[in-house]
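Understanding the architecture of this molecule
Each chain is listed here by its residues.
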Amino acid sequence: MGLWKRLKRSVRALFGGLVEKAEDPELILQQTIRDMRDRVPELNSSVAQVIATEKLLERSKQRLEEQIADLDSKIKAAIKMGRDDIATAYIGQLQQAQMDLQRTSQQLEHARQASQQAIKARDNYILQMQRRTAEAMQLINQSKQAKLQEQLAQTMEAFQLGDDASTFNEMRERIDRRVAAAEAKMQLGASSVESQMQEIEREAMDMQLHERLLEYKRQMGMLPSGASGDRGALPGADAEDTNEDTQIAKR
């Protein structure tokens, strides 16, 4: 293959690809629809001209028929008047009119056929235009749908789900570690010596309050002098109560 042919092929491939990328199917289809619709008035004008020719031939035929009828009457009148020379002249005009009528009738028949063909061609074109328009609109809708799908695909590609998922996992791990550390501190605080001492102090305070309550009840005679509550009394309090009972018995 020669250098020129290779260069020519490369240039055609390059510009052909650029033209193909620059062509928008939607715009081309819309322009095609407009071009087809713009041709309808031209077709109507052509059909109107053909029909106008048909109408003119019909009028010419009608005039020739009237002329022939008039010449026939004149020929008969001239013969009755004995004017053969005038009758002969009218006969010559009649023959010419008859030939014109025959030629006009033939032209009128062709014009009628042309009018029918023109109207039929116009109707077929409109029908084809409507069918092509519907097909073009369907293709345009498909093109729009394809564009939306391409945009959605690009959006999905731009949306990096993996990075976000790793971020969520990292934050979840951090929160779990903080919760676990807080629970461990709480558990250690609950089991510490200081906490146990606080519990002993609360228990001792409860015992003192209960003992004071029993003492009030004994003073009010609501309990026997030797009665004690469910909880054990303090040793000092028990010794004092025993001494007071012994002195009372001696008296």
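Residues numbered from 1 in each chain as written. Predicted model: local features only at pLDDT ≥ 70, side-chain atom pairs only at ≥ 80, totals over all residues. Heavy atoms only, no water.

**Structural notes on the overall build of the chain**
- Helices and strands together make up the secondary structure of the chain, namely 6 helices and 0 strands.
- In sequence order, the secondary structure elements of the chain are arranged as α-α-α-α-α-α.
- Among the 251 residues that make up the chain, the fraction classed as buried is 14%.
- A fraction of 70% describes how many contacts in the chain between residues 6 or more apart in sequence connect residues 24 or more apart.
- Summed over its atoms, the accessible surface of the chain is roughly 20500 Å², and 55% of this surface lies on carbon and sulfur atoms. (Helix = DSSP H or I, 4+ residues; strand = E, 2+ residues; numbered from the N terminus. Buried < 20%, exposed > 50% of the residue type's maximum accessible area, 1.4 Å probe, protein only. Contact = heavy atoms within 4.5 Å. Areas by Shrake-Rupley, 256 points an atom, 1.4 Å probe, with all protein chains shown as cover.)

**Description of helix α2 (residues 25-80)**
- Here α2 contains 56 residues, and its C-alpha end-to-end distance of 83 Å stays within 8% of the 82 Å for a straight helix at 1.5 Å per residue.
- Within α2, burial applies to Glu26, Ile33, Met36, Val40, Val47, Glu54, Leu57, Leu64, Ile68, Leu71, Ile75 and Ala78.
- Positive phi shows up at glycine 82, right after α2, with a value of about 75 degrees. (Expected span 1.5 Å × (residues − 1).)

**Thoughts on the nonpolar core**
- In this structure, Leu64, Ile68, Leu71, Ile75, Ala78, Ala87, Leu94, Ala97 and Leu101 together form the largest nonpolar core, which totals 9 residues.
- For this core, the secondary-structure elements that each account for two or more residues are α2 and α3 (84-158).
- At 5 residues, α2 tops the list of elements feeding residues into this core.
- Discounting residues that sit within four places of it in the chain, alanine 97 has contacts with Leu64, Gln67, Ile68 and Leu71. (Core = buried A, V, L, I, M, F, W, Y, C linked by side-chain atoms within 4.5 Å.)

**Comments concerning the confidence of the model for the chain**
- Averaged over every residue, the pLDDT of the chain is 77; residues scoring 70 or more account for 71%.
- Ranking the elements of the chain by mean pLDDT puts helix α6 (residues 235-250) last, at 45, and α2 first, at 90.
- Note that pLDDT drops below 50 for residues 230-251; the model gives that stretch 12 contacts with residues more than four away or on any other chain. (pLDDT = per-residue confidence, 0-100.)

**Notes on the pattern of salt bridges**
- On inspection of all chains with the given rule, the structure shows 9 salt bridges.
- For arginine 103, the salt bridge is made with aspartate 100, and the minimal N-O distance between the two is 2.6 Å. Pair noted here: arginine 103 and aspartate 100 are both in helix α3, with a separation of 3 residues, about one helical turn.
- With a relative accessible area of 17%, aspartate 100 lands in the buried category.
- When salt bridges with common partners are traced through the structure, they connect Glu54, Glu58 and Arg112 into a single cluster. (Salt bridge = Lys/Arg side-chain N within 4 Å of Asp/Glu carboxyl O.)

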